[in-house]
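# Examination of the molecular architecture
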Amino acid sequence: MVQARGLRFRFRIGGRRWGFPRRRIQFGRRASPALPSSTESTPALVDVLEPGPVARRPHTWPVLAVSGALEVRIAESDAEIEAAQRLRYRVFYEEMAAAPTPQMRTERRDFDKYDAVCDHLLVIDRNMRDEQGDPVVVGTYRLLRGEVAALHGGFYTSSEFDLSPMLLVSPPGTRFLELGRSCVLKSHRAKASTMQLLWRGNHLYIERYGIEVMFGCASFPGTDPDAHALPLSYLHHFHRAPEGFRIRARPELYVEMNRMEKDSIDIKEALRALPTLVKGYVRIGAFIGDGAVIDRQFGTTDVLIYFPVSRIDERWRSKFDRIGT
């Protein structure tokens, strides 16, 4: 590998060139990087390495995009992952109805076996500091690539949905990305830039790794599917994945989404009833799986998001490219 000090990479996005230091990032244990202070100047937009058929990580992740005091990047240390887990605990267990294990309650973190091998996308507010004086994580996404899942026990989503149709019909070598554990700090949910930066970070990540299919669980609050009869039926009738690519809820967990006749659905009302994240997915072209699942631990009703990257509408691609520039 050529020393990066004398090397510059050509990017597809924006035609920019950037240098990267030489450092190998390991899964699980990570060296702690120096976080930028609020007084440091930060590039308006930094793109990741050129996309292509590479399974390894880049030597280090730069800041991916910036909007005011907010920046989005990939966690590179255990401390940063723990900050994301504390945010997840605050949102899922303190604000919502998730039931923590005794250890989670003691440590005030949401965690499972997948955290050590996933990448963690972070939105950080440089104007806020935690108890250690570090910038605060205000948004997060958990990302698991297919080649990593194959080495570490598979995908989290398979505990609720049968992924075999997706895996069987996709050509050999298809690059998958599982999305999960998305949440935003309550004080930043009204700031459109927070979720936009998470989308921007995801967009750059899929470009970096040549991802072809994204998927994962998305949630409705509560465990009563009848309370969500309108939006669940809308997703079933108007956004269900095509036959052959239709991922079903596991038989023992299957909950019928078709709770209303198609002709009786008020589409505008159904869209208003969708959770913000689910609405965002279907607006940019995602499909929905067959059947919902009641997640008792998190107190949610989950649906399956299936999203071939090729379906991202060009106007949304252009919008993602402008975020943080």
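As a reminder, the structure under discussion sits directly above these lines.
Now for a description of the structure that goes with this document. For clarity, every value in this text was computed on a predicted model and none was experimentally measured. (Residues numbered from 1 in each chain as written. Predicted model: local features only at pLDDT ≥ 70, side-chain atom pairs only at ≥ 80, totals over all residues. Heavy atoms only, no water.)

## Quick look at the overall build of the protein chain
- Tallying secondary structure elements over the protein chain gives 9 helices and 13 strands in all.
- Here the protein chain holds 325 residues, and the buried ones make up 53% of them.
- On the protein chain, roughly 15300 Å² of surface is accessible, and the fraction owed to carbon and sulfur atoms is 51%. (Helix = DSSP H or I, 4+ residues; strand = E, 2+ residues; numbered from the N terminus. Buried < 20%, exposed > 50% of the residue type's maximum accessible area, 1.4 Å probe, protein only. Areas by Shrake-Rupley, 256 points an atom, 1.4 Å probe, with all protein chains shown as cover.)

## Remarks on a nonpolar patch on the surface
- A cluster of nonpolar side chains, namely L168, V169 and F245, defines an oily patch on the protein surface of about 280 Å² accessible area.
- Along the chain, F245 falls in the loop between α6 (229–238) and β10 (248–249). (Patch = residues over 30% accessible without salt bridge, like charges linked within 9 Å, V, L, I, M, F, W, Y side chains within 5 Å. Salt bridge = Lys/Arg side-chain N within 4 Å of Asp/Glu carboxyl O.)

## Focus: the side chain of R246
- Within the fold, R246 resides in the loop between α6 and β10.
- At a separation of 2.8 Å, a polar atom in the side chain of R246 contacts the main-chain carbonyl oxygen of A241.
- Those residues in contact with R246, other than ones at most four positions away along the chain, are P165, R240, A241 and D290. (Polar contact = N/O pair within 3.5 Å; in protein donor to acceptor, adjacent residues only side chain to side chain. Contact = heavy atoms within 4.5 Å.)

## Digging into helix α1 (residues 78–95)
- End to end, α1 covers 24 Å across 18 residues, agreeing with the expected 26 Å (1.5 Å per residue, within 8%).
- Among the residues making up α1, those that are buried are D78, E80, I81, A83, A84, Q85, L87, R88, Y89, V91, F92 and Y93.
- Those residues of α1 that are buried are in contact with β4 (70–74), α2 (102–107), β5 (119–129), β6 (135–145) and β8 (176–184). (Expected span 1.5 Å × (residues − 1).)

## A word on the pattern of salt bridges
- The full count for this structure, using the stated rule, is 18 salt bridges.
- Close ionic contact of E71 with R126 constitutes a salt bridge, the shortest N to O distance being 3.2 Å. Placement of the pair is E71 in strand β4 and R126 in strand β5, with a sequence separation of 55 residues.
- Taking the relative accessible area as the measure of exposure, E71 reaches 1% and is therefore buried.
- R126 sits in the buried class, given a relative accessible area of 10%.
- Residue D226 is joined to R259 by a salt bridge in which the shortest nitrogen-to-oxygen separation is 2.8 Å. Taken as a pair, D226 in the loop between β9 (213–221) and α6 and R259 in the loop between β10 and α7 (267–273) lie far apart in primary sequence, 33 residues in all.
- What makes R259 partly exposed here is its relative accessible area of 30%.
- Salt bridges here are not isolated pairs; linked through shared partners, they connect R88, D110, D112, D115, R142 and R181.

## A word on the side chain of D110
- Mapped onto the secondary structure, D110 falls in the loop between α2 and β5.
- On the basis of relative accessibility, which here comes to 0%, the residue D110 falls in the buried class.
- A distance of 2.8 Å separates polar atoms of two side chains, one belonging to D110 and the other to R88.
- If we skip the residues at most four places from it in the chain, D110 touches Q85, R88, Y89, F92, Y93, M104, D115, R181 and F298.

## What to know about unusual backbone geometry
- For R108, which is not glycine, the phi torsion reads 55° and is therefore positive.
- Positive phi values are uncommon outside glycine, yet R181 reaches one of about 50°.
- With respect to the secondary-structure elements, R181 resides in strand β8.
- Here R181 falls in the buried class, since its relative accessible area comes to 12%.

## So, the pairing of β8
- Of all 9 residues in β8, 9 are buried; the element is thus mostly enclosed.
- In terms of strand pairing, β6 meets β8 through 6 bridges, oriented antiparallel. Bridge pairing in β8 places R142 opposite G180.
- The handedness of the β8 to β9 crossover, carried by helix α5 (residues 192–209), is right-handed. (Pairing = 2+ DSSP bridges. Right-handed = clockwise from strand over helix to strand, strands pointing away.)

## Overview of the environment of V293
- Checked against the element boundaries, V293 lands in strand β12 (residues 293–295).
- For the pair V293 and F161, spaced 132 residues apart in the sequence, the C-alpha separation amounts to 8.2 Å.
- In contact with V293, other than residues within four places in its own chain, are E160, F161, A249, L253, T300, T301 and D302.

## A short note on the packing of aromatic side chains
- Per the counting criterion, the structure on display carries 11 aromatic pairs.
- Between W199 and Y281, the aromatic rings sit 5.4 Å apart at their centres with planes inclined by 75°, giving edge-to-face as the arrangement. Of the two residues, W199 is situated in helix α5 and Y281 in helix α8 (residues 276–283); the sequence distance between them amounts to 82 residues. Per residue, the accessibility class of W199 equals that of Y281, and both read buried.
- Relative to Y306, the ring of F245 has its centre 6.0 Å away and its plane inclined at 35°; by these criteria the two rings are tilted. With F245 in the loop between α6 and β10 and Y306 in strand β13 (residues 300–308), this residue pair connects regions lying 61 residues apart in the sequence.
- Counting every residue linked through ring pairs, the aromatic cluster contains Y89, F92, Y93 and F298.
- Positioned above the aromatic ring of Y209 is the side chain of R208, whose terminal nitrogen or guanidinium carbon lies 4.7 Å from the ring centre.
- When the ring centre of F238 is taken as origin, the NZ or CZ atom of K262, which lies over that ring, is 5.1 Å away. (Phe/Tyr/Trp six-rings, centres within 6.5 Å; stacked < 30°, edge-to-face > 60°. Lys NZ or Arg CZ within 6 Å of the ring centre and 35° of its normal.)

The analysis is restricted to geometry; functional conclusions fall outside its scope.
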